[in-house]
Amino acid sequence: MDERFLNTGWNRYEVERAEKLQRQTDEVVFADISANICGIAMKNPVMVASGTFGFGEEYAGFYDISRLGAIVTKGLTLEPRCGNPPPRVYETPAGMLNSIGLENPGVEEFIRREWPRLCRLGIPVIANIDGDTVDDYYRMARRLSELDGLAAVEANISCPNVEKGGMAFGQYPESAYEAVKAVREGTNLPVIAKLSPNVTDIQKIAEAVVDAGADAVSLINTLQGMAIDIHTKKPLFCRTFAGLSGPAVKPVAVRMVWQVYETVKVPIIGMGGITSWRDAVEFILAGASAISVGTANFVDPFAPLKIISGLRQYMTNQGIKTLNEIIGAAH
Amino acid sequence: MSLFCGLVKIKENAEIAPGIYRMMMECPEVAECAVPGQFIHIRCSDTHSPLLRRPISIAMADKSAGLIEIFYRVVGEGTGLLARKEKQDMLDIMGPLGRGFPLQPGLKLPIIVGGGIGMAPLLFLAKSLKENATSSDYCCRESFTGLAFAGFATEMEAFGMSFLEDCGFKVHICTDDGSMGYKGYPTDLLEKYLGGSIFLSSISTGEIAGAAGAPGCPATEAAMLPSAVYACGPEALLKKVKEIVSRAKVPAYLSLEQRMACGVGACLGCAVKSAGSGYLKVCKDGPVFEVNQVILSQETAP
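Please read these numbers as outputs of a predicted model, since none were measured by experiment. (Residues numbered from 1 in each chain as written. Chains lettered and ligands numbered in written order. Predicted model: local features only at pLDDT ≥ 70, side-chain atom pairs only at ≥ 80, totals over all residues. Heavy atoms only, no water.)

## Let's talk about the overall build of chain A
- Per the secondary structure count, chain A includes 11 helices and 16 strands.
- Since a compact globule built from 331 residues should have a radius of gyration of about 20 Å, the 19 Å found for chain A is in line with a globular shape.
- Evaluated residue by residue, chain A yields a buried proportion of 60% over its 331 residues.
- Contacts in chain A between residues at least 24 apart in sequence constitute 70% of all its contacts with a sequence separation of at least 6.
- Split by element, the accessible area of chain A, about 13,300 Å² in all, is 50% carbon and sulfur.
- Positive and negative side-chain charges of chain A, numbering 32 and 38 respectively, have mean locations separated by a distance of 3 Å. (Helix = DSSP H or I, 4+ residues; strand = E, 2+ residues; numbered from the N terminus. Rg over C-alpha atoms; globule rule 2.2 N^0.38 Å. Buried < 20%, exposed > 50% of the residue type's maximum accessible area, 1.4 Å probe, protein only. Contact = heavy atoms within 4.5 Å. Areas by Shrake-Rupley, 256 points an atom, 1.4 Å probe, with all protein chains shown as cover. Lys, Arg positive; Asp, Glu negative; His and termini not counted. Charge placed at Lys NZ, Arg CZ, Asp CG, Glu CD.)

Structure below.
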């Protein structure tokens, strides 16, 4: 057996198919899919989205997660959070609603328990942070800057499932500016602002966060939605509204990446319903310099790896030598 | 941790009762390491509809043949698609996932309480309990493995009973409509038994195989036998079991269900209230919980 397929978690059928493909392609010179987002060097542009990958440990049982371009942690808050009461997830046509409520161990416990393992992965790790207040963002950014090897801080100004903070910051240019500015003042690390799609004009928000010092933007977070339990005749989720993700939101996400690319010069991390390399290519053509896989992880743990190899194959077949040739090429 | 994720071949998929299916799959990787109470996460469709996997308990794992078995009830789109799968079709599964039932050494009298499709993981458990029984166990001396209280809506929906008997369980079937066995809930019988108001020998319902060899021991003695209750079924059943065992001070393990996405503990979607602080995850901390670990819905915190 080809040792490249050891520990991939694939069964014998998949290994046989992959080995056959590998024999055919061993001779080919592959396109260079390495990416660089505001100084964060990645061997490929495929990241995993915050909240869909925990702190990496769960998926390490399936494959070597250092094959990913980068990992974005579950959203962290200053103090531990226990999250929202169940139900927290609900399937919808080609998607799902979630109302997790930022359950996380808090930034200190993250540093103590998760960071020692994450920092040894050898790939960029980005800490996603969410504050109730502007000061929370500043304090978390400052604390995380002390970590040796953290690649960047992603300011989550778009979580729709919490009482305070989160999306409330990301819905207005002024408050988005304030939150990102606080992160900027708290750290010298690259700052990524994660934008909410639940806004009238995403271009205004993108401009505001770049003015505040964001080095990159990531979008989209979940679209606000809701479900009603027809038996109890009440909203299904305790917090009434929840966040929609999955293939259902992809066209909205592509449109917003397109708009933001037209507006600001900083790199864009595109996400929202990406399940295949075709989706990834679409986001890159719309203007994304890297992409994140979110909900697809739940459906197929190997989705990010399949996207990496599919993207490499696509670029090779098309004679595209580097990613830069196609970022925003649809404009 | 050995986790499998990939395609497996379906060896059998048949409707064994109205709306209830039994599926057997060839998957040596899962069969090798699965323990009772664990589940597999099944992708029912190749498309985005339905999008998420479906968690289904493992009802049997045959290491030597490399086979695993599940029972499922058709309740929606996902299980509806599963029901249409044919022998030789390939199916995308992930597993084995979660924590199963602890098989305590020195356990003298295991009591299984199941309702409807919740019987599935208990069948696997019954087999393991039989295999793990030692000659010093009370039940073993009396040549049976344990007690099973199994509830179904109606006689038509009962499944797995002869299997339980083959595993040496004294089986007491209950049906909601009285079409078979005791008319009522399995928790009624559990309550009577643990409360000491019925004797081991006298709870025979006429459907018990091997009733001739049924041990007759006074209820007081039986109630003092070190035992544990293993339950799986609708939430109402689990709540009732919890109530009964905490009164009787008998250890118990409950297998829970919750809306689930990733199945591996990453998305934090399948939360259940912890008796301590915060929430536990059904997929990773469970699906089997020690009864005092969790607070079931509509139950007030202690």
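That shown, we press on.
## Overview of the sheet that holds strand β3 (residues 39-43) of chain B
All names here are of chain B.
- With respect to topology, seven strands assemble into an open sheet ordered β4-β3-β7-β1-β2-β6-β5, the strand pairing being antiparallel. With one partner strand each, in any of the chains shown, β4 (54-57) and β5 (60-62) form the two edges of the open sheet. When strand polarity is set aside, the average angle formed by the axes of neighbouring strands in this sheet is 35°.
- In this sheet, strand β2 (residues 20-26) lies alongside strand β1 (residues 4-17) in antiparallel orientation, the contact comprising seven bridges. In the sheet register, asparagine 13 faces β2, and the bridge partner there is methionine 23.
- Its contacts with the sheet put helix α3 (residues 119-132) on β4, β5 and β6 (67-73), and the angle it makes with β5 is roughly 45°. (Pairing = 2+ DSSP bridges. Axes fitted to C-alpha atoms, helices over the stretch in contact; angles between N-to-C directions.)

## Quick word on the sheet that holds strand β9 (residues 191-194) of chain A
Residues and elements named next belong to chain A.
- In space, the eight strands of this closed barrel follow the order β3-β4-β7-β8-β9-β10-β15-β16, with parallel pairing throughout. Along the sheet, successive strands turn relative to each other by an average axial angle of 25°, direction set aside.
- Bridging between strand β8 (residues 152-156) and β9 involves four bridges; their strand directions are parallel. Within β9, the position partnered with asparagine 156 by the bridge is lysine 194.

## Details of the interface of chain A and chain B
- Contact with chain A, which involves 39 residues of that partner, is made by 35 residues of chain B.
- Interface area, chain A with chain B, both sides summed: about 3,000 Å², of which 61% is carbon and sulfur.
- Sorting the residues of chain A by area buried against chain B places Glu91, Phe298 and Val299 of chain A first, and these three jointly supply 20% of that buried surface.
- Where chain A touches chain B, the interface holds three salt bridges.
- Residue glutamate 58 of chain A is joined to lysine 284 of chain B by a salt bridge in which the shortest nitrogen-to-oxygen separation is 2.9 Å.
- For the side of chain A that touches chain B, the secondary-structure elements that each account for two or more residues are α1 (12-25), α2 (57-60), β5 (89-92), β6 (95-98) and α10 (296-299) of chain A.
- For the side of chain A that touches chain B, the class distribution of residues is 20 nonpolar, 11 polar and eight charged. (Buried area = accessible area lost by both parts, 1.4 Å probe. Salt bridge = Lys/Arg side-chain N within 4 Å of Asp/Glu carboxyl O. Nonpolar A, V, L, I, M, F, W, Y, C, P; charged D, E, K, R; others polar.)

## Quick notes on the packing of aromatic side chains
- In the structure shown here, the tally under the stated rule is 13 aromatic pairs over all chains.
- Ring centres of tyrosine 59 of chain A and phenylalanine 62 of chain A lie 6.0 Å apart, and the angle between their planes is 35°; this geometry places the pair in the tilted category. Each member of the pair tyrosine 59 of chain A and phenylalanine 62 of chain A is classed as buried.
- With 5.6 Å between their ring centres and 85° between their planes, phenylalanine 101 of chain B and tyrosine 230 of chain B make a pair best called edge-to-face. (Phe/Tyr/Trp six-rings, centres within 6.5 Å; stacked < 30°, edge-to-face > 60°.)

## Focus: the nonpolar core
- Core analysis: the biggest nonpolar cluster contains 150 residues, and Leu195, Leu219 and Ile291 of chain A together with Ile111 and Val229 of chain B have the highest contact counts within it.
- Among residues more than four places away in sequence, those in contact with isoleucine 111 of chain B are Leu147, Phe149, Leu190, Tyr193, Leu194, Ser227, Ala228, Val229 and Tyr230 of chain B.
- Counting residues in each nonpolar core, the second largest holds 28 residues, with Ala17, Ala120, Ala126 and Val171 of chain B among its members. (Core = buried A, V, L, I, M, F, W, Y, C linked by side-chain atoms within 4.5 Å.)

## Points about the domain arrangement of chain B
Residue and element names in this part refer to chain B.
- Considered domain by domain, chain B is made up of domain 1 (4-97), domain 2 (109-255) and domain 3 (256-302).
- Of note, the centres of domain 1 and domain 3, computed from C-alpha atoms alone, are 23 Å apart.
- With seven residues of domain 1 in contact, the opposing surface of domain 3 contributes eight residues.
- Here domain 1 and domain 3 share an interface that buries about 580 Å² over both sides, 69% of which is from carbon and sulfur atoms.
- Applying the counting criterion to the domain 1 and domain 3 interface returns zero salt bridges.
- Viewed at the interface, domain 3 and domain 1 are joined by one residue pair in polar contact (both at pLDDT 80 or more).
- Elements with a minimum of two residues in the side of domain 1 that touches domain 3: β3 and β7 (90-97). (Domains from an automatic or database assignment. Polar contact = N/O pair within 3.5 Å; in protein donor to acceptor, adjacent residues only side chain to side chain.)

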